[in-house]
Amino acid sequence: MTAPSPADPAPASGSDTSPEGAVEVAGGVSTQAASVLTGLGAAARSRIAKVVFWGNLLCQMGIIVTGGVVRLTGSGLGCSTWPNCEPGTFTPELTMAAGIHPFIEFGNRALTGVLSVFSFALLLVAFLWLRHKGSGFLALAAVPLIGTGVQAIVGAVVVWMDLHPGMVSPHFLISPILVALSAVLVVRLYGGDGERHSLVPAALRWMVAAMAALGFLVLVLGTLVTGSGPHAGDPDSPRLPLDPRTISWLHADAVMLFCGLLVGLLIALHLIRTARPARHAAWGLVIVTLLQAGIGYLQYFTGLPEILVGAHMLGAALFAAAIAWCGAALYSWRPAAPDESAVIALDADGTPITAQDGPR
Ligand code: HEM
């Protein structure tokens, strides 16, 4: 991600590192663990914050992949109940009839547990050490935990509805949103503590917003392809009444439109010589999109082998993270000197260009 320098999660303004202060800082979370956390030095805080933020992002992406493994191995109903795997037992039991399926489904549920720990730790770290980044940052830091809770409930509904694609699709689509917001949190961790200011003209920000909306449409159409194809849920679960071929081409057409906008964005970013992190993020999105589109066509023309479909799901997770990275890289939270704050680039003569000037 865009990481000019590691974050130094400085103590929250007004925070107190004394044991009494720890109770005050943690508010309702007045546990011994909270007082230990508030007593740590800056370097240890920085390391822990990085592990927690990256861990949350990787788990949010991982859950998309393990969810895919559940689906591709037909293990969606491997556990017949929720939260227990079978009535009266939390963990799966090996039987000849059920085979490996309950274990795959249980592994997916276990990763949800790890993800819950990371998302809770993220909120705690943000609350204890990063409050100086502002209330917007704190609100954002609450999203992974809330979203994981929502996903657990939606996942239960999916099981109760026998993996109906009308429910599997929203269950899938919540995850890339959580991935995207988790990626923004990582960028924010490294990206300074000041007021947010834009590094590009408004037109480019709108363009990236349109790309994010179109990217989400690509994901929605992808789930419709899956919901009408051979890999939806398990062999007995219902299918969407859509022609898989037609919906596949609509899905691919939306990707082409997205690629067109991405080329336009790249040209604009280079023309106005915007800050390097924004250009790097845009190139990162190019690489992810091209690889993902390549896998998409390959799986389509080779009869949807499970391994490629799984790789396509990993690609979808990376795609969501890359769009978010691209959007967040258009801003900076580092305080700029007053006379430099409006400068977004230099023209060929080295003359500063400001956002008000627009692209030249
Ligand atoms: C940026 C590019 C792309 C993204 C982000 C993307 C995303 C997705 C997503 C999210 C799914 C649904 C996964 C699920 O519900 O489990 C999907 C399925 C699918 N995509 Fe794409 N896709 C892209 C490009 C393409 C392209 C160019 C094609 C070519 C036709 C394609 C073909 C398919 C097919 C055939 C499926 C159904 C796979 C199955 O049966 O499970 N994709 N895609």
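Residues numbered from 1 in each chain as written. Predicted model: local features only at pLDDT ≥ 70, side-chain atom pairs only at ≥ 80, totals over all residues.

1. Concerning the overall build of the protein
Link 1 in the chain: Looking only at helices and strands, the protein features 10 helices and four strands.
Link 2 in the chain: Ordered by position in the sequence, the α and β elements of the protein form the string α-α-α-α-α-α-β-α-α-α-α-β-β-β.
Link 3 in the chain: The buried share of the protein, reckoned over its 360 residues, is 37%. (Helix = DSSP H or I, 4+ residues; strand = E, 2+ residues; numbered from the N terminus. Buried ≥ 20, exposed ≤ 12 C-beta atoms within 10 Å, placed from the backbone.)

2. Thoughts on the environment of G67
Link 1 in the chain: Counting through the fold element by element, G67 comes out in helix α3 (residues 42–72).
Link 2 in the chain: Since 22 C-beta atoms lie within 10 Å of it, G67 is described here as buried.
Link 3 in the chain: The contact partners of G67, leaving out residues within four places of it in the chain, are N108 and F172. (Contact = placed C-beta atoms within 7 Å.)

3. Quick word on the site of the ligand
Link 1 in the chain: Surrounding the ligand, one finds 27 residues, the nearest of these being G222, T226, G229, G296 and A316.
Link 2 in the chain: Going through the elements one at a time, α7 (202–228), α8 (244–271), α9 (276–301) and α10 (306–328) are the ones with two or more residues in the shell around the ligand.
Link 3 in the chain: If one sorts the elements of the shell around the ligand by residue count, α9 sits on top with seven residues.
Link 4 in the chain: In terms of residue class, the shell around the ligand is made up of 14 nonpolar, 13 polar and no charged. (Near = placed C-beta within 6 Å. Nonpolar A, V, L, I, M, F, W, Y, C, P; charged D, E, K, R; others polar.)

4. Comments concerning the UniProt feature "transmembrane region" (unreviewed entry) in the protein
Link 1 in the chain: Those residues carrying the UniProt feature "transmembrane region" (unreviewed entry) are residues 51–70, 110–130, 137–160, 172–191, 203–227, 247–269, 281–301 and 307–331 in this numbering.
Link 2 in the chain: Secondary structure content for residues 281–301 is 100% helix and 0% strand, and the end C-alpha separation is 30 Å. (UniProt positions renumbered as here; feature names shortened; annotations may be inferred.)

5. So, α3
Link 1 in the chain: The first and last C-alpha atoms of α3 sit 45 Å apart over 31 residues, in line with the 45 Å expected at 1.5 Å per residue.
Link 2 in the chain: Directly beyond the C-terminal end of α3, a positive phi value near 65 degrees is found at G74. (Expected span 1.5 Å × (residues − 1).)

6. Observations concerning unusual backbone geometry
Link 1 in the chain: A positive phi angle, near 45 degrees, is found at R273, a position not held by glycine.
Link 2 in the chain: Position of R273 relative to the elements: it lies in the loop between α8 and α9.
Link 3 in the chain: Take R273: there are 15 C-beta atoms within 10 Å of it, and that puts it in the partly exposed class.
Link 4 in the chain: Here L304, not a glycine, exhibits a phi torsion of approximately 55 degrees, which is positive.
Link 5 in the chain: In this structure, L304 sits in the loop between α9 and α10.

7. Quick look at the environment of T148
Link 1 in the chain: One can find T148 in helix α5 (residues 135–160).
Link 2 in the chain: In sequence terms T148 and S175 are 27 residues apart; their C-alpha atoms lie 8.6 Å from each other.
Link 3 in the chain: If near-sequence neighbours (up to four positions away) are discounted, T148 is found in contact with T112, L115, S116 and S119.

8. Some details on the packing of α3 against helix α6 (residues 165–190)
Link 1 in the chain: At a minimum axis separation of 9 Å, α3 and α6 run at an interaxial angle of 160 degrees. Considering their axes alone, α3 and α6 lie roughly antiparallel with respect to each other. At the point where α3 passes α6, the crossing takes the left-handed sense. Touching A49, K50, F53, W54, N56, L57, Q60, M61, I63, I64 and G67 of α3 are F172, S175, L178, V179, S182, A183, L185, V186 and L189, all from α6.
Link 2 in the chain: Partitioned by chemical class, the residues of the contact of α3 with α6 number 14 nonpolar, five polar and one charged. (Axes fitted to C-alpha atoms, helices over the stretch in contact; angles between N-to-C directions. Parallel < 35°, antiparallel > 145°, perpendicular 65-115°, else oblique. Left-handed = near helix turned anticlockwise from the far one by under 90°.)

9. Examining the nonpolar core
Link 1 in the chain: Among the nonpolar cores identified, the biggest contains 62 residues, and A183, A321 and W325 are the most heavily contacted of them.
Link 2 in the chain: Among the elements of the structure, α3, α4 (101–129), α5, α6, α7, α8, α9 and α10 are those that each provide at least two residues to this core.
Link 3 in the chain: Counting residues per element, this core draws most heavily on α10, at 13 residues.
Link 4 in the chain: Each of domain 1 (1–195) and domain 2 (196–360) accounts for three or more of the residues forming this core.
Link 5 in the chain: Here A183 is in contact with L57, A321, A324 and W325, once residues within four sequence places are set aside. (Core = buried A, V, L, I, M, F, W, Y, C linked by C-beta atoms within 7 Å. Domains from an automatic or database assignment.)

10. Concerning the packing of α6 against α7
Helix-helix packing: each pair is described by the crossing angle between the helix axes and the interaxial distance.
Link 1 in the chain: Where α6 meets α7, the axes come as close as 10 Å, and the angle between the chain directions of the two elements is 145 degrees. Read as a crossing pair, α6 and α7 show a hand that is right-handed. Residue-level contacts link P165, V168, S169, F172, L173 and P176 of α6 to L219, V220, T223, L224 and G227 of α7.

11. Some thoughts on the environment of S75
Link 1 in the chain: Counting through the fold element by element, S75 comes out in the loop between α3 and α4.
Link 2 in the chain: Apart from the residues within four sequence positions on either side, S75 is in contact with V70, H101, I104 and E105.

12. A closer look at α9
The α-helix advances 3.6 residues per turn, and as a result positions three or four apart in sequence lie on the same side.
Link 1 in the chain: An ideal rise of 1.5 Å per residue puts 38 Å on 26 residues; α9 measures up with 38 Å between its terminal C-alpha atoms.
Link 2 in the chain: P277, A278, A281, A282, L285, V288, T289, Q292, G296 and Q299 are the residues of α9 that are buried.
Link 3 in the chain: Where α9 is buried, its residues meet α8 and α10.

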